[in-house]
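# Observations on the model geometry
Chain by chain, the residues:
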Amino acid sequence: MAVNFKYWDDCVDPLDMEAMWKIPEVNLEWLDAGETRGQKVHLSRDPDGQPYLTQTEMKAVVEIIVSRHFHLQVDPNMICAIAELESDRQPLSIRYDKKSKDTKLGIMQLFPKTAEWLYRELNYQSYEVVGNPDLLFRPFVSVYFGAAYLKWLSNFEEKERNEEFVVRAYRGGTKKATHKSTMSSWQRYLSVKESFPSRKCFEDGLSQNVSMNDASVTTTSSTPYTPPPNAGDYTYWDSMASPEDMEEMWNNPEVFKEWSKSGEKKGKVRFSQDEKKRPYLSRIEVKAVAEIILSKHFSTKGLKPSVLCALAELLSMRFVYGIGPNAGIMGLDYSTAFWLYMELGFRAYKVDSIDDLTKPFVSMYFGAAYFLWLSEYEGRERTPQFVVQAYIAGPKNVNFQETGPMWLKFEEALSYFEDIKKYAFSFLCMISDSVELFSRK
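A few points on the structure.

The rules behind the values
Residues numbered from 1 in each chain as written. Predicted model: local features only at pLDDT ≥ 70, side-chain atom pairs only at ≥ 80, totals over all residues. Heavy atoms only, no water. Helix = DSSP H or I, 4+ residues; strand = E, 2+ residues; numbered from the N terminus. Buried < 20%, exposed > 50% of the residue type's maximum accessible area, 1.4 Å probe, protein only. Contact = heavy atoms within 4.5 Å. Areas by Shrake-Rupley, 256 points an atom, 1.4 Å probe, with all protein chains shown as cover. Axes fitted to C-alpha atoms, helices over the stretch in contact; angles between N-to-C directions. Parallel < 35°, antiparallel > 145°, perpendicular 65-115°, else oblique. Nonpolar A, V, L, I, M, F, W, Y, C, P; charged D, E, K, R; others polar. Pairing = 2+ DSSP bridges. Left-handed = near helix turned anticlockwise from the far one by under 90°. Phe/Tyr/Trp six-rings, centres within 6.5 Å; stacked < 30°, edge-to-face > 60°. Core = buried A, V, L, I, M, F, W, Y, C linked by side-chain atoms within 4.5 Å. Domains from an automatic or database assignment. Polar contact = N/O pair within 3.5 Å; in protein donor to acceptor, adjacent residues only side chain to side chain. Salt bridge = Lys/Arg side-chain N within 4 Å of Asp/Glu carboxyl O. Arc of directions from axis to C-beta.

### Regarding the overall build of the chain
Within the chain, the regular secondary structure consists of 17 helices and 6 strands. When burial is assessed residue by residue, the chain has 55% of its 441 residues classed as buried. Expressed as a percentage of contacts within the chain between residues at least 6 apart in sequence, the contacts between residues at least 24 apart total 63%. For the chain, the accessible area works out to roughly 19800 Å², and carbon and sulfur atoms hold 49% of it.

### Overview of helix α13 (residues 334-342)
Counting buried residues along α13, 7 of its 9 residues qualify, which places the element largely inside the surrounding structure. Listed as buried for α13 are Y334, S335, T336, A337, W339, L340 and Y341. On the buried face of α13, the contacting elements are α14 (360-374).

### Things to note about the packing of helix α5 (residues 112-121) against helix α6 (residues 139-153)
The interhelical angle for the contact between α5 and α6, taken along N-to-C directions, is 70°, at an axis separation of 10 Å. With respect to their mutual orientation, α5 and α6 come out roughly perpendicular. Side by side, α5 and α6 meet where T114, A115, W117, L118 and Y119 of the first sit next to F145, A148, Y149 and W152 of the second. A breakdown of the residues in the contact of α5 with α6 according to their chemical character gives 8 nonpolar, 1 polar and no charged.

### Considering the pairing of strand β3 (residues 94-97)
Here 4 bridges tie β3 to strand β4 (residues 102-105), and the two strands are oriented antiparallel to one another. The partner of D97 across the bridge, within β4, is D102. Linking two consecutive strands that pair antiparallel, namely β3 and β4, is a turn of 4 residues; a positive phi of about 55° is found at K101 within it.

### Some words on the side chain of T235
Checked against the element boundaries, T235 lands in the loop between α8 (183-195) and α9 (243-251). Once you skip the residues sitting within four places of it in the chain, T235 turns out to touch M240, V269, R270, F271, Q273, P279 and Y321.

### What about the packing of helix α12 (residues 305-316) against helix α15 (residues 384-393)?
α15 packs onto α12 with a crossing angle of 35° between their chain directions and a minimal axis gap of 12 Å. For the pair α12 and α15, the sense of crossing is right-handed. Between α12 and α15, the contacting residues are L311, L314 and L315 on the first element and V388, Y391 and I392 on the second.

### Details of unusual backbone geometry
With phi around 50°, Q109 is a residue other than glycine that occupies positive phi space. Looking at the secondary structure, you find Q109 in the loop between β4 and α5.

### Observations regarding the packing of aromatic side chains
The full count for this structure, using the stated rule, is 30 aromatic pairs. Relative to Y189, the ring of W186 has its centre 5.5 Å away and its plane inclined at 20°; by these criteria the two rings are stacked. With a gap of 3 residues between them, W186 and Y189 both fall in helix α8, about one helical turn apart. An identical accessibility class is assigned to W186 and Y189; each is buried. Ring centres of W237 and F271 lie 4.6 Å apart, and the angle between their planes is 25°; on these two criteria the pair is classed as stacked. Highlighted residues: W237 in the loop between α8 and α9 and F271 in the loop between α10 (253-261) and β5 (272-273), separated in sequence by 34 residues. Taking relative accessible area as the criterion, W237 reaches 0% and is therefore assigned buried.

### Structural notes on the nonpolar core
With 132 residues, the main nonpolar core has W8, F145, W237 and F366 as its most contacted residues. The element best represented in this core is α14, accounting for 11 residues. Here this core gathers at least three residues from each of two domains, domain 1 (8-195) and domain 2 (237-426). Once you skip the residues sitting within four places of it in the chain, F145 turns out to touch L110, A115, L118, Y119, Y124, Y127, V129 and L136.

### Things to note about the side chain of E164
Topologically, E164 is positioned in helix α7 (residues 163-172). Polar contacts involving the side chain of E164 include one to the side chain of R168, which spans 2.7 Å.

### Some points on the pattern of salt bridges
Within this structure, the stated rule accounts for 19 salt bridges. One salt bridge connects D352 with K98, and the closest N-O pair in it is separated by 3.2 Å. Here the residue D352 occupies a position in the loop between α13 and α14, and K98 occupies one in the loop between β3 and β4, the gap between them amounting to 254 residues. Take D352: its relative accessible area is 39%, and that puts it in the partly exposed class. Among the salt bridges present, the one from K266 reaches E247, with a minimum N-O distance of 3.9 Å. Here E247 lies in helix α9 and K266 lies in the loop between α10 and β5, a separation of 19 residues in the sequence. A residue is classified by how much of its surface remains accessible, and K266, at 57% relative accessible area, is exposed. Among the residues examined, E247 registers a relative accessible area of 37% and is labelled partly exposed.

### As for α9
For α9, the set of buried residues is D245, M246, M249 and W250. All buried residues of α9 project into a common sector of 145° when viewed along the axis, lining one side. Across from the buried face of α9, at angles greater than 90 degrees, the exposed residues are E244 and N251. Where α9 is buried, its residues meet α10, α11 (283-297) and α14.

Following this line, the structure appears as structure tokens:
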């Protein structure tokens, strides 16, 4: 990539930097990180070296842009949530769109032609973006044009539009604002918007949707995605899994028994739903998915299906669309899955967008790949306790003293899928490495 930023000062003008320093939360965060006023401020980096904005920084940029240019006519929380979903707050994010044969850029993932149209036709001219699409990699510029586009969508065709229309149109275009293809984006948006202010941001960049120190992290109190109004139609397995994977599911005796008992038919198998019409996998189904993925793609690695099932239980409560900002049953963020796909060669399933991670087999595949990568993090064989906690919180946030309660939660989830006593899974045993959750060749 021709564009690269090491410091905030590389992508923000001095006046905007001064505005950032004046925000108390940013000031405190930067000083705590060792930054000094009057000197260049480092951008945070993920393991792949890509810069990203912390949630505090993201919120500050949005608040400055909205108050300066839009007189609070665009919801800052909406902008923050969309940036989270579209780019994981990465200013250099790029995504190629097959249908339009064009590329979306920046934190707000805008097409350059959209920004140019806003500039020329609607007179959003605070930044000279025409003929200079690289400006969209700059956080303030991207947020400015993203907010302008959201404002336009809110009055599309001179009709006042509700929040759902605006969010779904931003993701899929105005013609897809009411199409089922953008429904999952709306569901994820609702959860992200609700959780954004308090959600932790981990400095290793592979941020997961929970913090090891967050008291809300339990298998009972986490808030799943809230379905939009009138979303009562069933979600079908067959629309979220390949014919080959569906055949494998039908060939599983336990799944066959469960589906037959529920009256399911080949070609139209419904997901179970809770009382709020949110689709989820039964424990039999999630175990079958794990077994199929491991046997087909990781048969020599010795990873147990029950370990992946326990993580799914803990991170997503087995909800199809996941819990919090990360999609899918394995609670993996899109940037991590894409990194595994592009850099490490895990390509049995494609991840063209975050929507792909709502598919159970895709989510389980990349969850298994990430788990195995963590098992040899930094070239060292890691303990099961480290791997599980690193998966949940990020490898740089493992602290055995502070994260003990979460490990016990994992043990509890594991007990749903196997006899935990059979393997002597006690907390102290795992610290001393006397017992393994998975074997290695």
